[in-house]
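In case you want the letters, here they are:
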Amino acid sequence: QLVESGGGSVQYGGSLRVSCAASGGIFSRYAMGWFRQAPGKEREFVATINWNGGKTFYADSVKGRFTISRDNAKNTVYLEMNSLKPEDTAVYYCAAAKVRVATMVAANYEYWGQGTQVTVSS
């Protein structure tokens, strides 16, 4: 089970950190990812981190502004979002992969959270 928290509303240029707590599985063995879906748009990849936190990848649209990290002792993955823009407005989902390596492919993820809303106003 994956439970996101930390979403909310922020103004342009602001920051938010969303968290995802995992339970019921061997969190530390698998890669984790964040995806987002804006109204009327398809779900898109945001960021991914491998099993031990040593490798990360980002969508070009968030590179340099967002940081994914994980704390395996707490079974939690984080997404730090800075310099937020209105186009970052979406429901953000965390996901647990079936593999250890960081992956941008949604089909490689087995478990998904319920999502948390992030709204950025101009």
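Remember, predicted model here, so these are calculated numbers, not experimental data. (Residues numbered from 1 in each chain as written. Predicted model: local features only at pLDDT ≥ 70, side-chain atom pairs only at ≥ 80, totals over all residues. Heavy atoms only, no water.)

Draft legend 1. Inspection of the state of the cysteines at higher detail. One pass over the full model with this rule turns up one disulfide. The partner cysteine of C20 in its disulfide is C94, sulfur to sulfur 1.9 Å. Here C20 is found in strand β3 (residues 16-22), whereas its partner C94 is found in strand β9 (residues 90-97), with 74 residues between them in sequence. (Disulfide = S-S within 2.5 Å. Helix = DSSP H or I, 4+ residues; strand = E, 2+ residues; numbered from the N terminus.)

Draft legend 2. Region of interest: the pairing of strand β1 (residues 2-5). Along β1, the buried face is formed by L2 and E4; none of V3 and S5, which line the opposite face, is buried. Looking at chain direction, β1 and β3 are connected through four bridges and run antiparallel. When the bridges of β3 are listed, V3 appears paired with A21. (Buried < 20%, exposed > 50% of the residue type's maximum accessible area, 1.4 Å probe, protein only. Pairing = 2+ DSSP bridges.)

Draft legend 3. Just the packing of aromatic side chains, in detail. Counted according to the given criterion, the structure contains four aromatic pairs. Here the aromatic rings of F35 and F45 are separated by 5.8 Å at their centres, their planes lie at 75°, and the arrangement is edge-to-face. In this pair, F35 sits in strand β4 (residues 32-37) while F45 sits in strand β5 (residues 44-49), placing the two residues ten residues apart along the sequence. Take F35 and F45: they sit in the same class, and that class is buried. Summarising the aromatic geometry, the rings of Y109 and W112 are spaced 6.0 Å apart at their centres and angled 55° between planes, so their arrangement reads as tilted. Taking relative accessible area as the criterion, Y109 reaches 5% and is therefore assigned buried. Through successive ring pairs, a cluster of aromatic residues spans F35, F45, Y109 and W112. Cation over ring: R70 sits above F27, and NZ or CZ is 4.5 Å from the ring centre. (Phe/Tyr/Trp six-rings, centres within 6.5 Å; stacked < 30°, edge-to-face > 60°. Lys NZ or Arg CZ within 6 Å of the ring centre and 35° of its normal.)

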